[in-house]
Amino acid sequence: MMPLVNLFGSKGRWVLSALLICAVIFELAYCQKDTQEQRTTPGRKPKPSKPKLGKSTNKVPRAVTAKPKLKATPAAPAQTVLTQVLNRGKFKKVGETLSVQTGDTLELRCRGKPVQWSVPKYLEEDDDGRLRIVQHERYGVLTLVNTTGVDTGEYTCYPMYCEDTDCRKEYDKAAKVFVFFPDPQELFVPSSDYYEAIQLRTNWPTLLPCQVTSPEAKVTLHREFPPVEVAVDGTEISFNVKRGFTIHRPRPHHAGALFCVASLGNLRQSSTKYMLIYVNYPMAPPAPVIQASSSSMAVGENLRVSCSVMGEQDVVVEFTWEYPGQQIGRPLYTQESVSPIGGGAARQQTQSVLLVDEVRDVDQGAYTCTAQNLQGAKSVSTTVKVVPKAKPKKP
């Protein structure tokens, strides 16, 4: 095959050279333009490129937004964790209740620095050296040895919030566990009281704390006279194995001597007897009204100052008086009475009347009555003026 130059002759060489020169010039111009686009002149902003017109599409360009930088937030304090320390260094997270055989050791670990423990009242008063509490760097440990049924109750760990030397309990972060110590001989937590008096208040639930040592025991409620089992319907009266029996809305028929009976296997035992005393608890403090027989008394006349309270039936109201004659030792003479008020609602009027015979100048001043019931007290006053006795007119 002939060379390409020989094929075209001298004219072909010129044409080929021209083509090569054009290609070189085009390449240089393209490179220069590309470099200028990448490098901008100082102090001059590059012109925005105009969008090319083309065929419309359904695609919408996605806006690119810079992701906001997340500020570093301090880590939330770890929740209080209460665990039981088992043999061989094993740990078990505790639930609401826990059972430990009598004689065994109870060891609880609570995370926090520092922590404070709350134990059943019996152990707070006298633990016989069986209770030991140790605070480590990051957790506290409660250890109770030679356990018995009387140790049954709630054990609570409170993390402490400290500023310098001032520390306080963080009640909202407390960790609690109710520990049963089943005793084969004692179904109820032992008590030194044969009778326990409990007040039944009309506006407050009443608890009969017949506490069992084993959650497996079946517990019933009984009345002593007449001997009968009390119905527990879950509404008027309910039972909780950690607390006992609760009378939610006490009424007069709940009063009397009651006790609990626990059964487990062949063992059946009775609890302490509870003497329930019904008290009609008032809904609010009294609102006394005071009135004197006259705001102006002549020397030698008899004065009566009454203090009255309208309230619920069977609610006891007590009265106390302050009067000017106390300064000279004048004795207090009062008359008190209770009378029902007619109408649909069972209400009564309780009244105290202060009597001052043959008033003198020293009896002038403020008379104050204070009425008090189980909800509180309130005082009211009135002022009495003593004037000279009018002289009889001459005939």
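Structure first, text after, so check above.
Because the structure is predicted, anything quoted here is derived from the model rather than measured.

About the cut-offs
- Residues numbered from 1 in each chain as written.
- Predicted model: local features only at pLDDT ≥ 70, side-chain atom pairs only at ≥ 80, totals over all residues.
- Heavy atoms only, no water.
- Disulfide = S-S within 2.5 Å.
- Helix = DSSP H or I, 4+ residues; strand = E, 2+ residues; numbered from the N terminus.
- Buried < 20%, exposed > 50% of the residue type's maximum accessible area, 1.4 Å probe, protein only.
- Pairing = 2+ DSSP bridges.
- Axes fitted to C-alpha atoms, helices over the stretch in contact; angles between N-to-C directions.

**As for the state of the cysteines**
Here the structure, examined in full by the defined rule, presents 3 disulfides. Residue Cys110 pairs covalently with Cys157 via a disulfide, S to S 1.9 Å. Around the S-S axis, the bridge from Cys110 to Cys157 shows a dihedral of about -80° and counts as left-handed. With Cys110 in strand β4 (residues 106-111) and Cys157 in strand β8 (residues 153-163), the pair connects residues that are 47 residues apart, well separated along the chain. Owing to a relative accessible area of 0%, Cys157 belongs among the buried residues under this scheme. Between the sulfur of Cys307 and that of Cys369 lies a disulfide, 2.1 Å long from S to S. Classification of the bridge connecting Cys307 and Cys369 rests on its S-S torsion, roughly -75°, and on that basis the disulfide is left-handed. Note that Cys307 is positioned in strand β22 (residues 303-312) and Cys369 in strand β26 (residues 365-373), a separation of 62 residues in sequence. A single burial state applies to Cys307 and to Cys369, both of which are buried.

**A short note on the sheet that holds strand β16 (residues 244-247)**
Here we have 3 strands laid out as an open sheet, ordered β12-β16-β15, and antiparallel in their pairing. What marks the edges here is a single partner per strand, and that holds for β12 (206-208) and β15 (237-240). Between one strand axis and the next, the sheet turns through 25° on average, direction left out of account. As judged from the 4 bridges shared by β15 and β16, these two strands associate in the antiparallel manner. Bridged to Ile237 within β16 is Ile247.

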